[in-house]
Amino acid sequence: MSTTESIVANAFGGPEVLAVSEEELPAPAPGQVLVEMRAIGVNPIDYKLYSGALGANESRLPLHLGAEGSGVVLEVGADAAGPAGPISVGDEVIAYPGEGAYTRKLVLPADYVFPRPEALSWEQSAGLMVAGTTASEAIVVTGVVGGETLLIHGAAGGVGSLAVQLAVAKGVTVIGTAAESNHEYLRGLGAIPVTYGDGLESRVRALAPNGVDAAFDTAGTDEAVDVSLALVADRKRIVTIVAFGRAQQDGFVAIGAGNPDTPRIRKAARLGLVEAAADGKLDVVVAKTFPLTEAARAHAELQRPHPRGKFVLIP
């Protein structure tokens, strides 16, 4: 039995509760693989888990963090095949969902392992799945099809930018809210950028004279919700990943935690995301990398204003 270094939360609180833990690592059982991590995606849910925002049941401690990453297969259990086929030692892969991915080596089910697209770097590959499956679910739930218009709030963010790319690939007209500094980036993705703030509704109406068919909110502001409600006739075609209270109050759809359809839709989206990335049809922006042992600093910076793109840990 070998060992690995992992980042765990030994208490509930701020990033200061994170610590390095030396842990025993079992050999992969049948249907499992052992992956040596090369890069690990950082997501807001990672720090929310130990912040107390989602509860503070001490029986769950220590908490192992992380859900996605990329790496190289070191060992393969019997009958280990992933969604894309058999897995071999030496394969370069994406691991998702990779519970406890903040580690140097990870044992996980082969069903959670996908070929790493050569078109993406290790760091980009590590940041594809959480944002990508979230964006994919939003596209599915809104039901947008070619020829329709989709309004995306926070379109330059990690989830928003992937939703833009997925929607544009379907022939959807995308209007994306963003700061002016991100407008050129959104144009490059095929979206029509619009600045958020006072007068947003009238600016979107001017850009969409035939109306807006659906909206995806990644911002969670009252402005984003109010403008979506004003512009989209069918509230079941308004989707949020943050404004859970408003969704319940105003009758539109919240996806993610608590939505019974979320796991099924996101699982079904994984292989398609990998294939799209392999074909050069999806780009993942990496804002910054940190050593694995500096996960606390990454979490602290992620909660402050920061450059556009994903934060990634390097073991």
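This is a predicted model, so every value here is computed, not measured.

Draft legend 1. Focus on the overall build of the chain. From N to C terminus, the chain includes ten helices and 18 strands. For a compact globule of 315 residues, the expected C-alpha radius of gyration is about 20 Å, and the chain comes in at 20 Å, within 12% of that figure. Looking at the chain as a whole, 50% of its 315 residues qualify as buried. Long-range pairs, those at least 24 residues apart, make up 64% of the contacts in the chain with a sequence separation of at least 6. For the chain, the computed accessible surface area is about 13500 Å², with 51% contributed by carbon and sulfur atoms.

Draft legend 2. Inspection of the side chain of E301 at higher detail. Position of E301 among the secondary structure elements: in helix α10 (residues 295-302). The class for E301 is buried, based on a relative accessible area of 16%. Here K288 takes part through its side chain, which lies 2.8 Å from a polar atom of the side chain of E301. If we skip the residues at most four places from it in the chain, E301 touches K288, F290, H306 and F311.

Draft legend 3. Examining the packing of aromatic side chains more closely. Tallying each qualifying case throughout the model produces one aromatic pair. The cationic tip of R116 hangs over the ring face of W122; the distance from NZ or CZ to the ring centre is 4.1 Å. For R308, the ring lying beneath its charged end belongs to Y185, and the centroid distance is 3.8 Å.

Draft legend 4. Quick peek at the pairing of strand β14 (residues 214-217). Side chains A214 and F216 of β14 all project onto a buried face; the interleaved residues A215 and D217 project onto the opposite face, where all are buried too. By the bridge criterion, four bridges tie strand β11 (residues 149-153) to β14 in an arrangement that is parallel. Across the sheet, residue I152 finds its bridge partner in β14, namely F216. In terms of strand pairing, β14 meets strand β15 (residues 238-240) through three bridges, oriented parallel. Counted as the bridge partner of F216 is V239 from β15. Regarding topology, helix α7 (residues 222-231) serves as the crossover connection from β14 to the parallel β15, and that connection is right-handed.

Draft legend 5. Spatial organisation of the pattern of salt bridges. The final tally for this structure, using the stated rule, is 17 salt bridges. In this structure, the salt-bridge partner of R38 is E36, at a minimum N-O distance of 4.0 Å. Across the pair K288 and E301 runs a salt bridge, and its minimum N-O distance is 2.8 Å. Of this pair, K288 sits in strand β17 (residues 286-291) while E301 sits in helix α10, and the two are 13 residues apart along the sequence. A residue is classified by how much of its surface remains accessible, and K288, at 31% relative accessible area, is partly exposed. Shared partners join several salt bridges into a network, and the residues in it are D222, D226, R246 and D250.

Draft legend 6. Seen up close, the nonpolar core. Of all hydrophobic cores here, the largest spans 41 residues; its most connected members are L150, I152, V164, L186, F216 and L282. Those residues in contact with V164, other than ones at most four positions away along the chain, are I152, A155, V174, L186, L189 and A191. Core analysis: the next-biggest nonpolar cluster, separate from the first, contains 32 residues, F12, V42, L63 and V113 among them.

Draft legend 7. Spatial organisation of helix α1 (residues 44-51). Among all positions in α1, only D46, Y47 and Y50 are buried. One side of α1 carries all its buried residues, which in axial view fall inside an arc of 85 degrees. Lining the buried residues of α1 we find β1 (2-9), β2 (18-25), β3 (32-42), β4 (63-64) and α10. Just beyond α1, the residue with positive phi is G52, at close to 100 degrees.

Draft legend 8. Broad picture of the sheet that holds strand β12 (residues 173-177). Pairing is parallel across the open sheet formed by six strands, whose spatial order is β13-β12-β11-β14-β15-β16. One side of each edge strand has no neighbouring strand; the edge strands of this open sheet are β13 (192-194) and β16 (253-254). Bridge count between β11 and β12: four bridges; the pairing is parallel. Its bridge partner lying in β12, L150 is registered against V174.

Draft legend 9. Representation of unusual backbone geometry in the model. Cis peptide bonds are those with omega within 30 degrees of zero, and the linkage from L61 to P62 qualifies with -5 degrees. By the element assignment, P62 lies in the loop between α1 and β4.

Draft legend 10. A look at helix α3 (residues 129-142). The terminal C-alpha atoms of α3, which comprises 14 residues, lie 20 Å apart, in line with the 20 Å expected from a rise of 1.5 Å per residue. Counted residue by residue, α3 has twelve buried out of 14 residues, so it is predominantly covered. Among the residues of α3, M129, V130, A131, G132, T133, T134, A135, S136, E137, A138, I139 and T142 are the ones counted as buried. Looking at the residues trailing α3, positive phi occurs at G143, about 70 degrees.

Draft legend 11. Layout of the packing of α3 against helix α4 (residues 158-169). Where α3 meets α4, the closest approach of the two axes is 8 Å, and the angle between their N-to-C directions is 55 degrees. One element, α3, and the other, α4, form an angle in the oblique class. Crossing of α3 over α4 shows right-handed handedness. Contacts between α3 and α4 involve A131, G132, T134, A135, S136 and I139 from the first element and G158, V159, L162, A163, L166 and A167 from the second.

Scoring rules and cut-offs
- Residues numbered from 1 in each chain as written.
- Predicted model: local features only at pLDDT ≥ 70, side-chain atom pairs only at ≥ 80, totals over all residues.
- Heavy atoms only, no water.
- Helix = DSSP H or I, 4+ residues; strand = E, 2+ residues; numbered from the N terminus.
- Rg over C-alpha atoms; globule rule 2.2 N^0.38 Å.
- Buried < 20%, exposed > 50% of the residue type's maximum accessible area, 1.4 Å probe, protein only.
- Contact = heavy atoms within 4.5 Å.
- Areas by Shrake-Rupley, 256 points an atom, 1.4 Å probe, with all protein chains shown as cover.
- Polar contact = N/O pair within 3.5 Å; in protein donor to acceptor, adjacent residues only side chain to side chain.
- Phe/Tyr/Trp six-rings, centres within 6.5 Å; stacked < 30°, edge-to-face > 60°.
- Lys NZ or Arg CZ within 6 Å of the ring centre and 35° of its normal.
- Pairing = 2+ DSSP bridges.
- Right-handed = clockwise from strand over helix to strand, strands pointing away.
- Salt bridge = Lys/Arg side-chain N within 4 Å of Asp/Glu carboxyl O.
- Core = buried A, V, L, I, M, F, W, Y, C linked by side-chain atoms within 4.5 Å.
- Arc of directions from axis to C-beta.
- Expected span 1.5 Å × (residues − 1).
- Axes fitted to C-alpha atoms, helices over the stretch in contact; angles between N-to-C directions.
- Parallel < 35°, antiparallel > 145°, perpendicular 65-115°, else oblique.
- Left-handed = near helix turned anticlockwise from the far one by under 90°.

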